[in-house]
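# Examination of the molecular architecture
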Amino acid sequence: MEATYIETQQISFQDFKNQILEDYKLGRISREMSYLGRREVLTGKAKFGIFGDGKELPQLAMAKVFRNGDFRSGYYRDQTFAMAIDAVSVESFFAQLYADTSIEREPASAGRQMNGHYATRSLNEDGSWKNLMQQKNISSDISPTAGQMPRLLGLAMASKVYKSVKFEGSEKFSNEGNEVAFGTIGDASTAEGHFWETLNAACALQVPMIVSIWDDGYGISVPTQNQRAKADIAEMLSGFQRTEGQHQGCEIIQVKAWDYPSLLDAYARAEHFARTESVPVVVHVIEVTQPQGHSTSGSHERYKNEERLKWEGEFDGLTKFREWILNYSIEIEGKEEQLATAEELDLINEEAKRIVKAGQKKAWDNYQKPILDLKEEVLQLVRQLESQNTEISAELEKFGKIISVAKRDIFHLVRKSLLLTRGSQSAERDALQQKYQEMFAVEKDNYSSHLYSQSEWKSTNVKEIPPVFSETSETVDGRVVVRNNFDKIFSKYPETLVFGEDAGNIGDVNQGLEGLQEKYGELRVADTGIREATILGQGIGLAMRGLRPIAEIQYLDYILYCLQGMSDDLATVQYRTKGGQKAPVIIRTRGHRLEGIWHSGSPMAGIINLSKGILVLVPRNLTKAAGFYNTMLQSDEPAVIVECLNGYRLKEKQPDNLGEFTVPVGKIEVTKEGKDVTLVTYGSTWRIVMEAAEELGKIGISAEVIDVQSLIPFDLSHEIAESVKKTNRLVVIDEDVEGGTSAFIMQQILEKQKAFRYLDSDPVTICAENHRPAYASDGDYFSKPSADDMVEKIYAMFHEINPAEFPKI
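Just so you know, these numbers come straight off a predicted model, no measurement behind them.

This part takes up the overall build of the chain. Counting its secondary structure elements, the chain contains 27 helices and 24 strands. For 809 residues, the compact-globule estimate of 2.2 N^0.38 gives 28 Å, and the chain sits close to it at 30 Å. Seen along its three principal axes, the alpha-carbon backbone of the chain occupies a region of about 110 × 85 × 50 Å. Split into buried and exposed, the 809 residues of the chain put 60% on the buried side. The contacts in the chain between residues at least 6 apart in sequence include a share of 78% that link residues at least 24 apart. Carbon and sulfur atoms make up 48% of the accessible area of the chain, which amounts to about 32,900 Å² in all.

Laid out in structure tokens, this is it:
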């Protein structure tokens, strides 16, 4: 077991003194960064600013117990902590404020996130994992309040897993599970459900997690007493306090934000509980001040009275820290020793200002140089076109009046110049056009890369291996295929684990994991509480630490509980870090065609539109689902796999190469050939479409049926357009609401694949009613497309074309 802070602090007075003054200096540097950062925003050099002033001391204390291999999942107030662990410099802080798109200058997000959102880079340039045990780790911040909490559970849970699980390369991610996950959250955000769900799960699971609550008495302008049942969150959490001898609950420590020695003691104790006993700890940091208010969007003088503002001035952490330093004295060998004089601290203050100003200037110059260089290059090219169009002179004059030129201004000038000279041909215009294409390629990478993996492990690179069948292949229930495939997966990949409601002891509600907990243990095949948001978050955190989690959400409509985390966190991990972090979670769920409002909703439109960045795979049977699991476990991208709920008891032939065969993502399958109309669908609806296609064949309409299989990515080879080119008619059939997934599919086919060129009839969508499906089989029949609906609506297309051959029904 790694030693904790308590066990390692035997130091000399000189070392102690140096440590104190270094903390004071770093605190002053951080404060000056906040002050100057606000001024940079208010003078127009940055768009928005949110800072961590007032929280310097507790973050310095927290950093002292944060070790290599540890992870933080926090929010946008932690600049002092990030500096203390060398994850942020003065220059990178201001580079982020200016949205510098250089990874070297702004490694957290390359300008994609607003300031205060920190991250360390977990990946090498090729997308492979770094050795996370050789660095202090920050999982990429997100803005939604409390949204960082579910992921924190997974980061902590990984340490518990690594105490038992080993695999080739696991030493990059853990040292016998001795790492601690640190979370930070504003006091008002503890009113969010994600906070309570995460803490509840952590207390049940007993994972090494330390949550720091920065309590400044307000949630923007709303005072604490209006936020929760009780103003004191520690008092509210008293029921979570663990009882001696029981393996449930957490430790709760309350400490003042301005009391430096007490903060050191609080975090030393917190680390000791978490690292040595694997107990979650809440550190409630009270009496926090916020000298500049919430952000650059407003002033705290609007909602704080004079008494509060006066108190904040007196109890500012750095002010009290200065007082403590000046009042500290100790007698050593008969001589009184002090830490520093007022003059010495004043010199540190002045040095901090110089360091911050120099760092800000360097960051601004670095940010501006490529823009100014591009400006001069473009101006030279545009001026060469002035003789070709008099209006270009006016555009140049307007451009010259811009005080602070941004990239968008340069792009506008180029595009406007090309528009004004349309139709003309010249070497000068060709040169400008070429420059524009070069510029656009650079900025496309700067602002739009890495939504999906760009590594060699991206899903589309996984080799297709068809299922193998023989004379001895058994015909079994679909659930048996997926269960036996999972058995092969858990044997093949020791880093793989699955967890969810009823996933463990009973082998999930449909027995797709039957018997696997007994075989692989409760850690790898685990039951969870009813807590979908943190089931997802558990998966994100585990995946960020090198494990391969399968997070099971029992039914598709329950995925709404974790849609916020999918949208704001998981879907954006690679994008918001520009390839610096990844979380290849597989979200396992099941849906389609089960009767009743609450168990048959089809929120696919929300999933595909709110979760771009996550693959959405919709297999029509359990063999296809098994193939997708095999594919995604070779990939480094997150995915949702929606199993067909009504397929578990349907018979399928079991492949001989379980655990090996793969289903390619982004590839459709033509399951019935035809010449008159193309029917496009997915999931359980496919069976009904096939039924309808057979009926249509009996009345003279030859339908081609296409199973999409993969909604994101969608038909990468544009095979559907080739089908439409043959049939000249298109029908998209879906059990989602109008304008949902069917609209997405139609847009992909008509706009992206240009299949409109081949249509002889209006394209048609056949989807569900806009309400949730009513209960029982009759409700399903009248709420979602039936084979009768499909036959009649497709027949109507042919009646319009040839009423004599296809008379009205």
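The biggest cluster of nonpolar side chains holds 115 residues, and the ones touching the most others in it are M566 and I745. Those residues within four positions of M566 in sequence are excluded, and the remaining contacts are L536, I559, A571, I587, I607, S611, I614 and V640. In terms of nonpolar packing, the next biggest core, distinct from the first, is built from 88 residues, I29, I50, A257 and Y267 among them.

On to the pairing of strand β9 (residues 329-332), then. Of the strand pairs in this sheet, β9 and strand β10 (residues 335-338) are connected by 4 bridges, and their pairing is antiparallel. Bridging from a neighbouring strand, I332 pairs with K335 of β10. With antiparallel pairing between neighbouring strands as the criterion, β9 and β10 make up a hairpin whose turn holds 2 residues, including E333 at a positive phi of roughly 50 degrees.

Time to look at helix α18 (residues 532-544). In a regular helix each residue adds 1.5 Å, so 13 residues correspond to 18 Å; α18 covers 19 Å between its end C-alpha atoms and thus fits that length. Burial analysis of α18 places 13 of its 13 residues in the buried class, the great majority of the element. One or two residues past the end of α18 sits G546, with phi positive at roughly 90 degrees.

Glancing now at helix α15 (residues 427-448). For α15, spanning 22 residues, the distance from its first C-alpha to its last is 31 Å, which sits close to the expected 32 Å at 1.5 Å a residue. Every buried residue of α15 is accounted for by R429, L432, K435, Y436, M439, E443 and N446. The buried residues of α15 all sit within an arc of 120 degrees when viewed along its axis, so they share a single face. The exposed set on the far side of α15, more than 90 degrees from its buried face, consists of A427 and D430.

Here we come to the sheet that holds strand β16 (residues 615-617). Spatially, 7 strands are ordered β13-β12-β14-β15-β17-β16-β22 in an open sheet, and the strand pairing comes out mixed. Looking at the sheet topology across the chains shown, the edges are occupied by β13 (525-527) and β22 (710-712). Adjacent strand axes in the sheet meet at a mean angle of 20 degrees, parallel and antiparallel pairs treated alike. Looking at chain direction, strand β15 (residues 586-591) and strand β17 (residues 639-644) are connected through 6 bridges and run parallel. Each bridged residue has a counterpart across the sheet, and for R590 the counterpart in β17 is E643. Across the sheet, helix α22 (residues 622-632) lies against β14 (548-552), β15, β16 and β17, angled at about 165 degrees from β17, the strand it touches most.

Rules used throughout
- Residues numbered from 1 in each chain as written.
- Predicted model: local features only at pLDDT ≥ 70, side-chain atom pairs only at ≥ 80, totals over all residues.
- Heavy atoms only, no water.
- Helix = DSSP H or I, 4+ residues; strand = E, 2+ residues; numbered from the N terminus.
- Rg over C-alpha atoms; globule rule 2.2 N^0.38 Å.
- Buried < 20%, exposed > 50% of the residue type's maximum accessible area, 1.4 Å probe, protein only.
- Contact = heavy atoms within 4.5 Å.
- Areas by Shrake-Rupley, 256 points an atom, 1.4 Å probe, with all protein chains shown as cover.
- Core = buried A, V, L, I, M, F, W, Y, C linked by side-chain atoms within 4.5 Å.
- Pairing = 2+ DSSP bridges.
- Expected span 1.5 Å × (residues − 1).
- Arc of directions from axis to C-beta.
- Axes fitted to C-alpha atoms, helices over the stretch in contact; angles between N-to-C directions.

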